[in-house]
Amino acid sequence: MAKKLTPSNINKFLLFKLPSAYFSGVRLKAISVQEATVTVKHRWINQNPFKSLYWATQGMASELATGVLVIQGIENSGKKISMLVQSQNGHFTKKATGRINFICKDGDKVKTAIDAAIATGEGQSLTLHAEGFNEAGESVSKFSYEWALKLRKKKV
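This text gives an overview of the structure that appears in the document. Please read all numbers here as calculations on a predicted model, not as lab measurements.

1. Some words on the pattern of salt bridges
And then number 1: Evaluation of the coordinates by the stated rule reveals 2 salt bridges.
And then number 2: Here Glu-138 and Lys-94 are joined by a salt bridge, their closest N and O atoms 4.0 Å apart. In this pair, Glu-138 is assigned in the loop between β5 (124-133) and β6 (139-151) and Lys-94 in the loop between β3 (81-92) and β4 (99-104), connecting sequence segments 44 residues apart.
And then number 3: A relative accessible area of 35% means that Glu-138 is categorised as partly exposed.

2. Comments concerning the side chain of Asn-11
And then number 1: Relative to the helices and strands, Asn-11 resides in helix α1 (residues 7-17).
And then number 2: Residue Asn-11 is classed as buried on the basis of its relative accessible area, which comes to 14%.
And then number 3: Excluding residues that lie within four positions of it along the chain, Asn-11 makes contacts with Tyr-22, Arg-27 and Leu-28.

3. Quick look at the sheet that holds strand β2 (residues 36-41)
And then number 1: Here 6 strands make up an open sheet; going across it, the order is β1-β2-β4-β5-β6-β3 and the pairing antiparallel. What marks the edges here is a single partner per strand, and that holds for β1 (27-31) and β3. Strand after strand, the sheet turns through a mean of 25° between neighbouring axes, direction not considered.
And then number 2: Bridge count for β3 against β6 is 11 bridges, and the pairing is antiparallel.

4. Observations regarding the layout of surface pockets
And then number 1: Space inside the largest pocket adds up to approximately 250 Å³.
And then number 2: In terms of lining residues, the largest pocket is bounded by 15 residues, among which Leu-14, Leu-18, Met-60, Glu-63 and Leu-64 are the most central.
And then number 3: When residues of the lining of the largest pocket are assigned to their parent elements, the largest contribution, 6 residues, is made by helix α3 (residues 55-77).

5. With respect to α3
And then number 1: A rise of 1.5 Å per residue sets the reference length of α3, with its 23 residues, at 33 Å; its end C-alpha atoms lie 33 Å apart and thus fit the reference within 8%.
And then number 2: At Ala-65, α3 shows its largest kink, close to 25°.

6. Details of the side chain of Gln-58
And then number 1: Structurally, the position occupied by Gln-58 is in helix α3.
And then number 2: Reaching out from Gln-58, the side chain makes a polar contact with the backbone oxygen of Leu-53 at a distance of 3.1 Å.
And then number 3: Excluding anything up to four places from it in sequence, Gln-58 contacts Leu-53, Phe-92, Ala-96, Phe-102, Val-140, Ser-141 and Phe-143.

7. Topic: a nonpolar patch on the surface
And then number 1: Together, Phe-23, Trp-44 and Ile-45 make up a nonpolar patch on the protein surface, roughly 420 Å² of accessible area in all.
And then number 2: With respect to the helices and strands, Ile-45 occurs in the loop between β2 and α3.

8. Quick look at the packing of aromatic side chains
And then number 1: Using the criterion set out here, one finds 5 aromatic pairs in the structure.
And then number 2: Taking the centre distance of 5.5 Å and the plane angle of 90° together, the rings of Tyr-22 and Phe-23 count as edge-to-face.
And then number 3: Among the residues examined, Tyr-22 registers a relative accessible area of 22% and is labelled partly exposed.
And then number 4: With relative accessibility at 51%, the residue Phe-23 sits in the exposed group.
And then number 5: Here Phe-143 and Tyr-145 contribute two aromatic rings whose centre-to-centre distance is 6.3 Å and whose plane-to-plane angle is 15°, an arrangement assigned as stacked.
And then number 6: For Phe-143, a relative accessible area of 2% corresponds to the buried category.
And then number 7: These aromatic residues form a ring-pair network of at least three members: Phe-92, Phe-102, Phe-143 and Tyr-145.
And then number 8: Across the ring face of Tyr-22, the terminal group of Arg-27 is positioned such that the distance to the ring centre comes to 3.8 Å.

Cut-off values and rules
Every chain begins its residue count from 1, and numbering advances along the sequence as written. Selection of residues for local features in this predicted model requires a pLDDT of at least 70, selection of side-chain atom pairs for listing and counting requires 80 or more, and totals for whole chains, interfaces and linings are taken over all residues. Just so you know, side-chain values use all the structure's heavy atoms and leave hydrogens and water out. Counted as salt bridges are all cases of a side-chain nitrogen of Lys or Arg within 4 Å of a carboxyl oxygen of Asp or Glu. Put simply, DSSP marks the helices as runs of H or I at least four residues long and the strands as runs of E at least two long, and each gets a number from the N terminus on. Exposure is judged per residue with a 1.4 Å probe applied to protein chains only, and the accessible area is read against the type maximum: over 50% gives exposed, under 20% gives buried, and values in between give partly exposed. For this analysis, residues touch if any pair of their heavy atoms sits within 4.5 Å. Pairs of strands are assigned from DSSP output, requiring at least two bridges between the strands. The axes used here are C-alpha line fits, helices contributing only the stretch in contact, and every angle between their N-to-C directions lies in the interval 0 to 180 degrees. Method remark: on a 1 Å grid restricted to protein atoms, a set of points is classed as a cavity if a 1.4 Å probe fits but cannot get out and as a pocket if it is open with protein on both sides within 12 Å along at least five of seven lines; lining residues have an atom within 4 Å of a point. Grid points are joined across faces, edges and corners, and a volume is the space filled by probe spheres set on the points. In a helix, the anticipated span is given by 1.5 Å times the number of residues less one. Fitting one axis to the seven residues ending at a residue and another to the seven starting there, the bend at that residue is the angle between the two axes. Polar contacts here mean pairs of N or O atoms no more than 3.5 Å apart (in protein, one a potential hydrogen donor and the other a potential acceptor; neighbouring residues in sequence count only if both atoms are side-chain atoms). To count toward a patch, a residue needs a relative accessible area above 30% and no salt bridge. Like charges then connect within 9 Å, nonpolar side chains (Val, Leu, Ile, Met, Phe, Trp, Tyr) within 5 Å. The Shrake-Rupley method, run with a 1.4 Å probe sphere, supplies the accessible areas, and residue values consider only the shown protein chains as cover. Stacked, edge-to-face and tilted labels apply to pairs of Phe, Tyr and Trp rings (six-membered ring for Trp) whose centres lie within 6.5 Å, assigned for plane angles under 30 degrees, over 60, and everything in between, in that order. Note on criteria: charge over ring means Lys NZ or Arg CZ within 6 Å of the ring centre, with the direction from the centre no more than 35 degrees off the ring normal.

Laid out in structure tokens, this is it:
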């Protein structure tokens, strides 16, 4: 059985495999089968010239919020499935300052796509959404990621 996906394990992974996200302050705060929350605090190292959270840092946090649900779904399936971002879209609604929480609640979509990939052997595409909220609970940005999933074929 694979190592359990916990915030601690994912945050260690960020340090060694995605150091730009780690040093920007991106951290997985919580994960369940249905939902993931990633947090990042506006600081000097991740700010833009307008003294708010740089869009790329928001992108890293929102991508992790969606991607960690896909990783978890793949782990839970017990199958070898590849994952890749095919497209991304972001919309910014308010200046991002303070602590921002990015929440993705699309766990059901992940399970459906993984089950379809396993059942059909064909690649699947799904769009997951993550929204960033400031400490007052106001939406600061919304991101969509189109993920491609494909069952890896066994080598003969």
